Amino acid sequence: MVLLDQTVVTVALPSMGRDLGLSMSSLQWVVNGYILALAAFVAFGGRLGVVLGEIRAFQVGVGLFAAASVVCGLAPGNGAAAEVIVAARVVQGLGAAVMLPTAQSLVANAFPTGERGRALALYTGSGQVLAALGPLVGGVLTQWISWRAVFFVNVPVAAAALLLLAASRPERTHGRRTSMSVPQLTTLIAGLALLVLGTQQASVWGFASALTWTVLGAGALGIACFIRLALRSERPVIDIRLLGIRRFRRDAVLLFILQFGTLAAMVHGTLFLQETLDYSAIASGLAILPLIVPLIVANQIAGRAFDKHGARVPTVAGFIAATAGVGAWAWSFTAETYWWQVPGMTATGIGIGCALSCLSADGLSVVAAESRGEASGILACLRQLGGSVGVAAAATVALAAHGSRTDFASVRSSTAALALCGVVLALGLALALFLGSRTARETSVTRKA
């Protein structure tokens, strides 16, 4: 539900706008409100898992998400439609921010070290696949039922999640009494929200505008204030000292870079299929299968490789494949033919599948079990920030390349957007190679111990 809802709504926006009389700005915030709340609160969601216990926190997140989905689906077609649906999408994002880190921590704690890689590969891979399938799912529901079904479908899924959680009987973790400092919470949430808002709106306000940099600067200042408060506190809201662990810090940075490059590439690749090649939403969803199928296969292979050999080889291999794949995908746009895009999509899917689950599993493996909720929140936060910054930066580059304030999907603009993604992924590859040998030695020592 969490990752599907990042993309499933996009193809329902035209029908939603007509039925509810929403402006283009309101439609944009139907998407942005969810992503903004998710990115701003996800680190706090990991902390809430520590305070309430992961099972209870996950149940709270699912309940919030399902209730907000019902409100979205019942949004009235009157003057209050925009306020109701955008507010409900923000609450959805808040529920997702609690679900995402607690779910990942529950999975990590349920499996021993030798099986954790495969388990987290299935967890992260399924989410990434559904995020990529979002336009197809949204197109089918909107075309065959109604745009409201895009939201109502979350209710039975949420009920099934709660029933499965009860049936699986995971080991219950009890909440710990700890501080929830208001100044720390305020600076953390405000800082993250402003950073995401600034990157989201950069393509609208202009990346060089004073407003964009004022918002980004305020966000950076908020994060700096939070870090100062957290480091001076004996019981910080988020234990950012976890970033002092070299492997955890390295995995977090690489997850940010991977999500920056690959999510933006998928968004602009899908836009190219719909806007330039005139594919329908359903056809473009099917056309993205050459990325999704290799992602699923590579994800499982990489998870097994991680369990046996550690993260270095699948991570480096993943960044090589993703960098080469996005580069080939960008080059293929000039042919304006679908089949030329397939090799680039395939390599990109392999790269995502190899690197994503291994980085998540490795990051959670190097922290103590009682800290995995917070660690998962930090990793999820950086992934969401990476995706938000990547999509915004790619949109800005695409607009600049085309010279238009509205067209994101010409050959020239799409090529420029994916070229940026390739450059960022190449940077990630260089970091993975540079830091890989040290990480491999640390993994070897840990396994021997």
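Described in the following lines is the structure provided in the data block. Keep in mind it's a predicted model, so treat the numbers as computed, not measured.

## Quick notes on the pattern of salt bridges
Scanning the entire structure with this criterion turns up three salt bridges. Residue D5 is joined to R89 by a salt bridge in which the shortest nitrogen-to-oxygen separation is 3.5 Å. Here D5, found in helix α1 (residues 4–7), pairs with R89, found in helix α5 (residues 81–110); they are 84 residues apart in sequence, far enough to count as distant. Here the two residues D5 and R89 agree in accessibility, since each one is buried. For R250, the salt bridge is made with D251, and the minimal N-O distance between the two is 3.0 Å. Residue R250 shares its accessibility class with D251, and that shared class is buried.

## Considering the environment of Q92
Within the secondary structure layout, Q92 lies in helix α5. Classification of Q92 as buried rests on a relative accessible area of 0%. Sequence-wise, Q92 and A37 are 55 residues apart; in three dimensions their C-alpha atoms are separated by 8.1 Å. In this structure Q92 touches D5, Y34, F65, A68, S69, C72, F151 and N154, once residues within four positions along its chain are discounted.

## Some remarks on the nonpolar core
Grouped together as the largest cluster of nonpolar side chains are 131 residues, with contacts concentrated most on M16, I85 and F319. Once residues within four sequence positions are removed from consideration, I85 is found in contact with M16, L20, L22, V30, C72, A75, W147 and F151.

## Focus on the environment of S233
Here S233 is to be found in the loop between α10 (210–231) and α11 (246–276). Here S233 falls in the buried class, since its relative accessible area comes to 17%. With 52 residues separating them along the chain, S233 and S181 place their C-alpha atoms 9.4 Å apart. Excluding its chain neighbours within four sequence positions, the residues that come into contact with S233 are Q184 and R241.

Cut-offs and rules
- Residues numbered from 1 in each chain as written.
- Predicted model: local features only at pLDDT ≥ 70, side-chain atom pairs only at ≥ 80, totals over all residues.
- Heavy atoms only, no water.
- Salt bridge = Lys/Arg side-chain N within 4 Å of Asp/Glu carboxyl O.
- Helix = DSSP H or I, 4+ residues; strand = E, 2+ residues; numbered from the N terminus.
- Buried < 20%, exposed > 50% of the residue type's maximum accessible area, 1.4 Å probe, protein only.
- Contact = heavy atoms within 4.5 Å.
- Core = buried A, V, L, I, M, F, W, Y, C linked by side-chain atoms within 4.5 Å.

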